[in-house]
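Structural characterization, general
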Amino acid sequence: MSTFLGPIRQLGYVVDDIEAGMKHWSEVMGVGPWFYNPQVPIENYLYDGQSYQPHNSVALANSGAMQVELIQCRNDVPSMYRDFMARGLRGLQHVAFWTKTYEADLQMMLDRGFTLKMSGEVGVNGRFAYFAEEHHPGTVIELSEVLGPKGTMFDMIRDASVGWDGTDPVRPFPDLSKL
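Reading guide: rules and limits
Residues numbered from 1 in each chain as written. Predicted model: local features only at pLDDT ≥ 70, side-chain atom pairs only at ≥ 80, totals over all residues. Heavy atoms only, no water. Helix = DSSP H or I, 4+ residues; strand = E, 2+ residues; numbered from the N terminus. Rg over C-alpha atoms; globule rule 2.2 N^0.38 Å. Buried < 20%, exposed > 50% of the residue type's maximum accessible area, 1.4 Å probe, protein only. Phe/Tyr/Trp six-rings, centres within 6.5 Å; stacked < 30°, edge-to-face > 60°. Lys NZ or Arg CZ within 6 Å of the ring centre and 35° of its normal. Core = buried A, V, L, I, M, F, W, Y, C linked by side-chain atoms within 4.5 Å. Contact = heavy atoms within 4.5 Å. Pairing = 2+ DSSP bridges. 1 Å grid on protein atoms, 1.4 Å probe; cavity = no way out; pocket = protein on both sides within 12 Å on 5 of 7 lines; lining within 4 Å. Points joined across faces, edges and corners; volume = space filled by probe spheres on them. Salt bridge = Lys/Arg side-chain N within 4 Å of Asp/Glu carboxyl O.

Digging into the overall build of the chain
On a plain count of helices and strands, the chain comes out with 4 helices and 11 strands. Against the 2.2 N^0.38 benchmark of 16 Å for 179 residues, the chain shows a C-alpha radius of gyration of 15 Å, consistent with a compact globule. Principal-axis analysis of the C-alpha atoms places the extent of the chain at approximately 45 × 35 × 30 Å. Burial statistics for the chain: of 179 residues in total, 49% are counted as buried.

Below, the structure is given as structure tokens:
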């Protein structure tokens, strides 16, 4: 567990083919079910302080308490995922810490010398921030707010994984506006 932000709650993998990734993780690793969104509704997205409109597909599943995220970029908008792929890398790109005290934790990270690189929102009270510092591939830190519907969805995904028997391995993301 991190002494700064609590336990790592998510492992984020950048992939070329998200459908093949979900198939591998469910059939080979036994992880699922996957909740898939072909175009995540990201608002107020910034990369290096500039506004863009990313098109990313995301799939989420849990293995115990650990959430696994698969990410596929669908456009060439600047992002840390695109940068990772441009370096010829695939696989684990970031670890995420979840927070209900986003502003205080974000300020703590900035005060510790971390640099905000990429940020945005997924639903109400679903802000996220990625920091530029990376010791080696796979060590980017994401701070993810889980106060709103995104946190409710994360709980639902974890609950669906408990006792999952392999049926219905890919499911649609819930409508965050209804959670």
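Things to note about the packing of aromatic side chains
The full count for this structure, using the stated rule, is 6 aromatic pairs. Plain terms: the ring middles of W25 and W34 are 6.3 Å apart, the flat faces sit at 75° to each other, and that makes the pair edge-to-face. Overall, W25 belongs to the buried group, its relative accessible area being 14%. Linked through ring pairs, Y13, W25 and W34 together constitute an aromatic cluster. Across the ring face of F4, the terminal group of R112 is positioned such that the distance to the ring centre comes to 3.5 Å.

Observations concerning the nonpolar core
If you look at the biggest cluster of nonpolar residues, it comprises 28 residues, and the most contacted ones within it are Y45, L60, Y81, M118, Y130 and M153. Taken together, the elements giving at least two residues each to this core come down to β3 (43–47), β5 (56–63), β6 (66–73), α2 (80–86), β7 (91–99), β9 (127–131) and α4 (149–161). For this core, the leading source of residues is α2, giving 4 residues. Ignoring any residue separated from it by four or fewer positions in sequence, one finds L60 in contact with Q10, P33, W34, F35, Q67, V68, E69, M153, F154, I157 and F173. Core analysis: the next-biggest nonpolar cluster, separate from the first, contains 12 residues, I18, V31, A59 and V68 among them.

Details of the pairing of strand β10 (residues 140–145)
The buried fraction of β10 is high, at 6 of 6 residues. Burial along β10 is two-sided: the face carrying V140, E142 and S144 and the face carrying I141, L143 and E145 are both buried. Across 3 bridges, the pairing between β9 and β10 is antiparallel. Note that in β10 the partner of Y130 across the bridge is E142.

Points about empty space enclosed by the protein
On inspection of all chains with the given rule, the structure shows 1 cavity of 30 Å³ or more. Taken as a whole, the largest cavity spans an internal volume of roughly 270 Å³. What lines the largest cavity is a set of 21 residues, and nearest its centre among them are V40, V58, E69, V122 and E142. Of all the secondary structure elements, the ones that give two or more residues to the lining of the largest cavity are β5, β6, β9, β10 and α4.

Topic: the pattern of salt bridges
Under the criterion given, the structure shown has 11 salt bridges. R127 is paired through a salt bridge with E103; the nearest N and O atoms lie 3.2 Å apart. One end of the pair, R127, is in strand β9; the other, E103, is in helix α3 (residues 102–111), and 24 residues separate them in sequence. Linking D159 and R158 is a salt bridge whose minimum nitrogen-to-oxygen distance equals 3.8 Å. According to the relative accessible area criterion, D159 is partly exposed, its value standing at 48%. Via salt bridges that share partners, E103, R127 and E145 belong to a single interconnected network.

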